[in-house]
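# Residue-level structure breakdown
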Amino acid sequence: MLSSEDNARLTRTGPDTPMGNVFRAYWMPALLSSELPEPDCPPKRVRLLGEDFVAFRDTRGRVGIVEPVCPHRGANLFFGRVADCGIRCSYHGWKFDHRGNCLEMPTLTPEAEERVRPRAAIRALEARESGDVIWAYMGDGPAPELPRFEFAEVPPEHRFVSKKLQQCNWAQACEGGLDTAHFSYLHAGIRDGERVGLHEVSPQRPRSDGENEPPSMARFRWLIEDGRPQFTVLEHDAGLLLCASREADGDQLYWRMTQFLMPNHSLAPGNFPDENNLGNTWVPIDDESCWIFCYCWNPDRPLTEKETERLSRGWGVFPEMEADYVPVRRRENDYLVDRTLQRESSFTGIRGISEQDQAIADSQGLIADRTRELLGQTDLGVVKFRNMVLAAASGVGEGKTPKGADCPDAYLVRSGDIVAPADTEILDVVESRFGTMSGVAL
Amino acid sequence: MLSSEDNARLTRTGPDTPMGNVFRAYWMPALLSSELPEPDCPPKRVRLLGEDFVAFRDTRGRVGIVEPVCPHRGANLFFGRVADCGIRCSYHGWKFDHRGNCLEMPTLTPEAEERVRPRAAIRALEARESGDVIWAYMGDGPAPELPRFEFAEVPPEHRFVSKKLQQCNWAQACEGGLDTAHFSYLHAGIRDGERVGLHEVSPQRPRSDGENEPPSMARFRWLIEDGRPQFTVLEHDAGLLLCASREADGDQLYWRMTQFLMPNHSLAPGNFPDENNLGNTWVPIDDESCWIFCYCWNPDRPLTEKETERLSRGWGVFPEMEADYVPVRRRENDYLVDRTLQRESSFTGIRGISEQDQAIADSQGLIADRTRELLGQTDLGVVKFRNMVLAAASGVGEGKTPKGADCPDAYLVRSGDIVAPADTEILDVVESRFGTMSGVAL
Amino acid sequence: MLSSEDNARLTRTGPDTPMGNVFRAYWMPALLSSELPEPDCPPKRVRLLGEDFVAFRDTRGRVGIVEPVCPHRGANLFFGRVADCGIRCSYHGWKFDHRGNCLEMPTLTPEAEERVRPRAAIRALEARESGDVIWAYMGDGPAPELPRFEFAEVPPEHRFVSKKLQQCNWAQACEGGLDTAHFSYLHAGIRDGERVGLHEVSPQRPRSDGENEPPSMARFRWLIEDGRPQFTVLEHDAGLLLCASREADGDQLYWRMTQFLMPNHSLAPGNFPDENNLGNTWVPIDDESCWIFCYCWNPDRPLTEKETERLSRGWGVFPEMEADYVPVRRRENDYLVDRTLQRESSFTGIRGISEQDQAIADSQGLIADRTRELLGQTDLGVVKFRNMVLAAASGVGEGKTPKGADCPDAYLVRSGDIVAPADTEILDVVESRFGTMSGVAL
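Being a predicted model, the structure only gives us computed values, none of them experimental. (Residues numbered from 1 in each chain as written. Chains lettered and ligands numbered in written order. Predicted model: local features only at pLDDT ≥ 70, side-chain atom pairs only at ≥ 80, totals over all residues. Heavy atoms only, no water.)

## Describing the overall build of chain A
Condition: Counting from the N terminus, the helices are the DSSP runs of H or I reaching at least four residues and the strands are the DSSP runs of E reaching at least two. Throughout, the radius of gyration refers to the C-alpha atoms, and the reference size of a globule is 2.2 Å times the residue count to the power 0.38. Residue contacts are counted whenever heavy atoms from the two residues lie within 4.5 Å of one another. Shrake-Rupley sampling with a 1.4 Å probe provides the accessible areas, and residues are treated as covered by the protein chains on show and by no other component. Residues scored as positive are Lys and Arg, those scored as negative are Asp and Glu, and His as well as the terminal groups of each chain are ignored. Charged groups are reduced to one reference atom each: NZ for lysine, CZ for arginine, CG for aspartic acid, CD for glutamic acid.
Along the backbone of chain A there are 11 helices and 20 strands. What you see for chain A is a C-alpha radius of gyration of 23 Å, in line with the 22 Å of a compact globule of 442 residues. For chain A, the C-alpha atoms occupy an extent of roughly 85 × 45 × 45 Å along the three principal directions. Counting only contacts in chain A whose residues sit at least 6 apart along the sequence, the fraction spanning at least 24 positions is 61%. Put simply, chain A shows about 16,800 Å² of open surface, and 47% of that area lies on carbon and sulfur atoms. Within chain A, one finds 50 positive and 69 negative side-chain charges whose respective centroids are separated by 4 Å.

This is how it looks when you write it as structure tokens:
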């Protein structure tokens, strides 16, 4: 539960807001590289943290993310012409490079142009490409180094990267990503009126004896059987490792461990060591919508064609989408909730893990009201997340660099699952699952 | 004509408004029973007087109308699962019964649950079913008895009940229902450029001699011939009997008598003793739209299959509708006004009595401005209505029970038409038409 | 560049605003005559300077533009019945003539009607028809004489008049019309990556030698070759003659001369003496949209059938349109910008001169922000326009009649192009092109 003031502080990210200043101290995913597929391709509108830009890829392949307003008479550069290493305003031909420098002002005499040109530079974000993502830095000072994400460091064929529109504030959607407790309900399947497995992921009912059942199957039963995971939250240089244990069979615990990386990234649990990894970044478009960038990668092998195709069509945290990365199931169509499906085989009646997550986050309102909540032990990860980002919001006002912004290496961590004896010390659990990739000092 | 303050007072019905408090002292139609057709059917969103709820019918058939926000983390219960005598939040499985009690909190340990559960109850409206309508009581104190409407007391096969969306404030739409004067124009047909009968109801031109013409036909001519009905308004324990007389043939008057029942019901005129009765309730969704509940019933016989089918397809105060009780002809399509029809055979060019009423009320604005009006004798019913509800708004602030709220029997009244000699005393007219069912002390 | 205050002053035209008062001192195009094609045809909604009206043509062909609110109970007269030399409210039949006089109040007794009727008059704008346009005067005092536009004085078959919706403030759209500098870019065609001619108007690349090339072809090359026209602005009794010269071949200048006529008219350049004339008026609907009335006429001959058909389908300043004068290419569909077309043959990738103009004006925002601009010599016409209308806004507050409002004859002027030796005095250039039709004292 937050005060009304803290709720506003957590959720408001426009210019000159405390949380907005926190976001502006980090690199942000701004577009997919594939949205600007080739030199001199069509420019794209980009809205980030409530500010508008136009992005383009110049003749030499460099990306510019510039304010969209031509300084001459205010025409929008989105309608400009991208060519010859710049973008040229359609109104009177003023031309700008990817750093916002004004290159040509053809309505002026050469002498006037010489004099006025320095004042005609437009704001340009520093931009870099890494991991099939175009990253932007919106801060005033010099940009730090890019954070090191494993998905961005593996060979391109080892990963699949996309994004999706979420129609609510970033923070509640991010909280959903840090909340493994909801797997026992939100994503459950239904058989004969009882929760079973994960709908569409494990439609068969797991055997209840647990014998001869591999952990990769049994975990879906464990998720259902224990709706009350125990949280232990560990802090590290880039954020938090959220460790949640559920009762498994015998004297074992099933651990799901999520990374929260400042200020808006998560690496998801759900994967045993040989399985694909998943991650997300929640980037505010404005305070009532965000882009969720989605990463799937395998450190050890290329993704198969079948995996890539499945992710493209919609699977797991990747929704089925229409044009412009808008999910087919969304706020205005109630996520196509199917009440017959809900009665017979899905806890929600909404198809798709991503869609279930998006629906429940949207349902908390355009901006969730955290002044009326009843938080419990399973919400510990969410509480720690709020404390960490609100502390950053306080600190940034005093000139402090927020956590992780100057520690790019601290982002080279992993999340994932493990089954361990109940009496294992938490740090031993972490070490046996991740080795040096936990982020946590062992 | 009202002052700007009184106009606001009359039209604003949200929480903590004077008129809102008046409405909250009465039972309100909230949904049709058929919107929750069977136990554990899909829940419905309900918006009443600017407040949001989710309604569901539990396994035992009981109706719950509860606030839609889960007290755990604020997910919306509309996406919840209705089963096992409750509604369960899709996020983490908290479960509530139809009275808002929290039944299960599976994310908590049994001890924590025991401790926190009382604080996890959600607001639930008292709900009752009567006359194919689900009624809700939104007040703070104990609910009074349900008002006794005749349509609700006849056998179900004697009635047809539906609702329709009106895209403006409740009060101006209600005023249209109390205003029999407009029948001379709004609902008129046109032949050879002159007003005749009622368009589509009595397309044939009534004979002008009036001989051999039964009153059931002649009344359409009388409606046209006298656009200036004389009003006499009588008060009773539940509201007002609005008596309007027009010149009939010879030395006779044609009386149309409308019931206004506090705070937002009307029983319509237009029926002679052997004909079907019609009634309406205007329930604010918010201050710029309302549901109009529509009742047709016959005290003496079941409605015929033909009557029921006609009402379903759109007839009289029942419009032709699309999904979700939205009229086909509505604000955004200008009620499909047909200017050729208007020239040739309909005074408005809009098809349907209901649609004509809805169009003209909407046309007064989202909230009618009553600070510029020129009221006359034919507006007496409207004036008396305003005085009565504004008096209730004043009284409720002083703790007075508004008129009728504690007199359920006073709602067992009728409206209707009669032809009587011009020199008959008004109370004799009323008695000869209604006997004891006028509501008025005779 | 304007201060924030001056920008608001220039762009706000509602009741009781300085610029609104300026507009209300002049006749305004309100509708096309063809929108009310015959006596007793369907009425039309009209929104002018943020005020709502309903327009109708009565049985005798006279146009009424009246406030839409019936004084009885506030129903909207748009749903009224136009017949018998008046418009009758659909609710209770009150009837009004084209001057707003109340003619009948059938809900009142004759005595009451006699007494109340004078108070039941509704506001009616003075309306006149000229040049296929219905003009309205919104001022309080007596209307001046209609301005004398040549398009309105030629025989009807010499002209083509239409209108189009512009989805931004009037002033920035008008500024686009006064800005001949943008022809070098906004309307350019592209061949082999270089700007050429005007897209779709002169697709062939002009010969670069300029020999044997008539001025009617060479001008498209001159427009491209010189993006920096030199402005000389001359004032006259109705507004400004904006003279812009570009380098032509040899020692010649190519002059394009635009009329700005107070407060919102322009006569476009682009025509040599034997060619058709074009004019525009920007009429605020409200502060975020306007109607642009478009005039094409030939003083000397009827327009050909081919010309008229081309203008109807969309050509030059006449866009391709859907119903209700809404352009096919508009704000919400990004003007169907075609990025392949932009790469290969059109500077903007938007089809149509009108559409290019509309796109760039809209792109400046719903209301352009003029507090950040870098104006140069080519913006001199725009600056003079702003100064003139802002001076009128100041003057009208002191009771001064704004420029031109009382000089109807001063509007009988022309715009157009000429090629002249570089050393010709400006007044000689003007005289040789227009004779006495320049408006400027020679």
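## Digging into the pairing of strand β4 (residues 63–66) of chain C
All names here are of chain C. Note the following rule: Exposed residues in this analysis have more than 50% of their type's maximum accessible area, buried residues have under 20%, and partly exposed residues fall in between, with area computed by a 1.4 Å probe over protein chains only. Any two strands with at least two DSSP bridges between them are considered paired.
Across the two faces of β4 the burial is the same, with Val-63 and Ile-65 and Gly-64 and Val-66 all buried. Here strand β3 (residues 51–57) pairs with β4 via four bridges, running antiparallel. Along β4, the bridge assignment pairs Phe-56 with Gly-64. What sits between the antiparallel neighbours β3 and β4 is a turn of five residues, in which Gly-61 has the positive phi angle 90 degrees. Bridge analysis of β4 against strand β9 (residues 124–130) gives two bridges, and the strand direction is antiparallel. By the bridge assignment for β9, Val-66 is matched with Ala-124.

## A closer look at the interface of chain B and chain A
Just so we agree on the cut-off: Summed over both partners, the accessible area lost on bringing two parts together, with a 1.4 Å probe, is the buried area. The rule for a salt bridge is simple: a side-chain nitrogen of Lys or Arg has to be within 4 Å of a carboxyl oxygen of Asp or Glu.
Each side of the interface is counted separately: chain B has 30 residues, and chain A has 31 residues. Each partner contributes to the roughly 2,700 Å² buried at the junction of chain B and chain A, and carbon and sulfur atoms together form 52% of this total. The largest per-residue losses of area from chain B upon contact with chain A belong to Arg-73, Arg-81 and Tyr-91 of chain B, which jointly make up 30% of the total buried on that side. Inspection of the chain B/chain A interface yields four salt bridges. The partner of Asp-379 of chain A in a salt bridge is Arg-73 of chain B, with the nearest N and O atoms 2.8 Å apart.

## Let's talk about the relation of the copies chain A and chain C
Applied cut-off: Copies overlap after least-squares fitting; the atoms used are the C-alpha atoms of residues with pLDDT of at least 70 in both.
Placing chain A over chain C gives an RMSD of 0.0 Å and needs a rotation angle of 120 degrees, together with 0.0 Å of translation along the axis. Such a combination of turn and shift is consistent with a three-fold rotation axis. Closest approach to the rotation axis among the C-alpha atoms of chain A is made by Glu-332 of chain A, whose C-alpha sits 11 Å away.

## Focus on helix α6 (residues 215–225) of chain B
Residues of α6 of chain B that are buried include every one of Ala-218, Arg-219, Phe-220, Arg-221, Trp-222, Leu-223 and Ile-224 of chain B, and no others. Contacts from the buried residues of α6 of chain B go to β12 (188–191), β13 (194–198), β15 (239–247), β16 (252–261) and β20 (416–421) of chain B.

## Details of the interface of chain A and chain C
Inclusion rule: Between N or O atoms, a polar contact is any pair within 3.5 Å; within protein, one atom must be a potential hydrogen donor and the other a potential acceptor, and residues adjacent in sequence are included only when both atoms are from side chains. Asp, Glu, Lys and Arg are counted as charged, while Ala, Val, Leu, Ile, Met, Phe, Trp, Tyr, Cys and Pro are counted as nonpolar; the rest, among them Gly, fall into the polar class.
Taken together, the contact between chain A and chain C spans 30 residues of the former and 31 residues of the latter. Its largest share of buried area at the contact with chain C, chain A owes to Arg-73, Arg-81 and Tyr-91 of chain A, together 30% of the area lost on that side. One salt bridge connects Glu-67 of chain A with Arg-372 of chain C, and the closest N-O pair in it is separated by 3.4 Å. Connecting chain A to chain C are 16 residue pairs in polar contact (both at pLDDT 80 or more). Of the residues belonging to the side of chain A that touches chain C, the class tally is 14 nonpolar, nine polar and seven charged.

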